[in-house]
Amino acid sequence: MKYAPNVRALRVMCSGRIEPTFVLKAFREGADAVLICGCHPGDCHYHEGNYKCLRRYHLLQKYVQQMGIEKDRLRLEWVSASEGKIFAELVDEMTETVSKLGPCQFRKVMETLT
Ligand code: FES
């Protein structure tokens, strides 16, 4: 499957493994957006990892918005490993959304504070 080449995929065993600090670090290091993908509800190999991810995602959305990051720059979607086409479409869709938003200013803001 082909998708936008400006994407850097970080693989973890389960979406429940994604710590909020991973997302914040990505933004701090210059990511324009973060797309979190996990197995569909009820399909997590670790039973509740995706529910844990969903709870963290809602908290993270509030946090990143408080930090001045537009909410469209962080997204959570349920995509299983066998749904490559859907993943590719999601990546392209998110890339388009972020292109409209322009570069994320979070890194610059953080640099001025330190
Ligand atoms: S294995 Fe837990 S979300 Fe996929």
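Residues numbered from 1 in each chain as written. Predicted model: local features only at pLDDT ≥ 70, side-chain atom pairs only at ≥ 80, totals over all residues. Heavy atoms only, no water.

**A word on the overall build of the protein**
Just so we agree on the cut-off: Here a strand is any run of E in DSSP of at least two residues, a helix any run of H or I of at least four, and the numbering for each starts at the N terminus. Just to be clear, the radius of gyration here is over C-alpha atoms, and the globule rule we use is 2.2 Å times residues to the power 0.38. Pairs of residues are marked as contacts when any of their non-hydrogen atoms sit within 4.5 Å. Per-residue and other accessible areas were derived by the Shrake-Rupley procedure at a 1.4 Å probe size, with only the shown protein chains allowed to occlude residues. For this count, His and the chain ends are skipped, Lys and Arg are scored as positive, and Asp and Glu as negative. Taken as the charge centre is NZ of Lys, CZ of Arg, CG of Asp or CD of Glu, depending on the residue.
Looking only at helices and strands, the protein has four helices and two strands in total. Beginning at the N terminus, the succession of helices and strands in the protein can be written as α-β-α-β-α-α. For 114 residues, the compact-globule estimate of 2.2 N^0.38 gives 13 Å, and the protein sits close to it at 14 Å. Partitioning the contacts of the protein with sequence separation of at least 6, the portion at a separation of at least 24 is 71%. Summed over its atoms, the accessible surface of the protein is roughly 8000 Å², and 54% of this surface lies on carbon and sulfur atoms. A distance of 5 Å separates the average location of the 17 positive side-chain charges in the protein from that of its 14 negative side-chain charges.

**As for the environment of Leu24**
Among the structural elements, Leu24 can be located in helix α1 (residues 20–28). Residues Leu24 and Leu60, spaced 36 residues apart in sequence, show a C-alpha to C-alpha distance of 8.8 Å. Leave out the neighbours within four places in its chain, and Leu24 touches Leu60, Tyr63, Val64 and Phe106.

**Some words on the packing of α1 against helix α2 (residues 49–66)**
To be explicit about the condition: Only the stretch in contact is used when fitting a helix axis, every axis being a line fitted to C-alpha atoms; angles between N-to-C directions are given from 0 to 180 degrees. In this scheme the crossing of two helices becomes right-handed for a clockwise turn of the near helix relative to the far one and left-handed for an anticlockwise turn of less than a right angle.
Running from N to C, α1 and α2 cross one another at 35°; their axes reach a closest spacing of 10 Å. With respect to the hand of their crossing, α1 and α2 are arranged in right-handed fashion. Residues Pro20, Val23, Leu24 and Phe27 of α1 lie in contact with α2, whose contacting residues are Arg56, Leu60, Tyr63 and Val64.

**Notes on the pattern of salt bridges**
This is how it is decided: In the sections that follow, a salt bridge refers to a side-chain nitrogen of Lys or Arg positioned within 4 Å of a carboxyl oxygen of Asp or Glu. Burial status follows relative accessibility: with a 1.4 Å probe on protein chains alone, a residue under 20% of its type maximum counts as buried, one over 50% as exposed, and anything between as partly exposed.
One pass over the structure, following the stated rule, counts eight salt bridges. Note that Glu29 and Lys25 form a salt bridge whose closest N and O atoms lie 3.8 Å from each other. For Glu111, the salt bridge goes to Arg107, with nearest N and O atoms at 3.2 Å. Pair noted here: Glu111 and Arg107 are both in helix α4 (residues 106–113), with a separation of four residues, about one helical turn. When its relative accessible area of 48% is taken as the criterion, Glu111 is described as partly exposed. Accessibility expressed as a relative area gives 40% for Arg107, which makes it partly exposed.

**Looking at the side chain of Asn50**
Looking at where Asn50 falls in the secondary structure, it is placed in helix α2. Those residues in contact with Asn50 that sit more than four places away from it in its chain are Ser15, Cys39, His40, Pro41, Gly42, Asp43, Cys44 and Trp78.

**Focus on the pairing of strand β1 (residues 34–38)**
Which entries qualify depends on this criterion: When DSSP finds two or more bridges between a pair of strands, those strands are recorded as paired. Crossover handedness is defined here as right-handed if the route from the first strand over the helix to the second strand goes clockwise, with the strands pointing away from the viewer.
Only one face of β1 is buried, namely the one carrying Val34, Ile36 and Gly38, since none of Leu35 and Cys37 on the opposite face is buried. In the sheet, β1 pairs with strand β2 (residues 74–78) via five bridges, with the strands oriented parallel. By the bridge assignment, Gly38 is partnered in β2 with Trp78. Running through α2, the crossover from β1 to the neighbouring parallel element β2 is right-handed.

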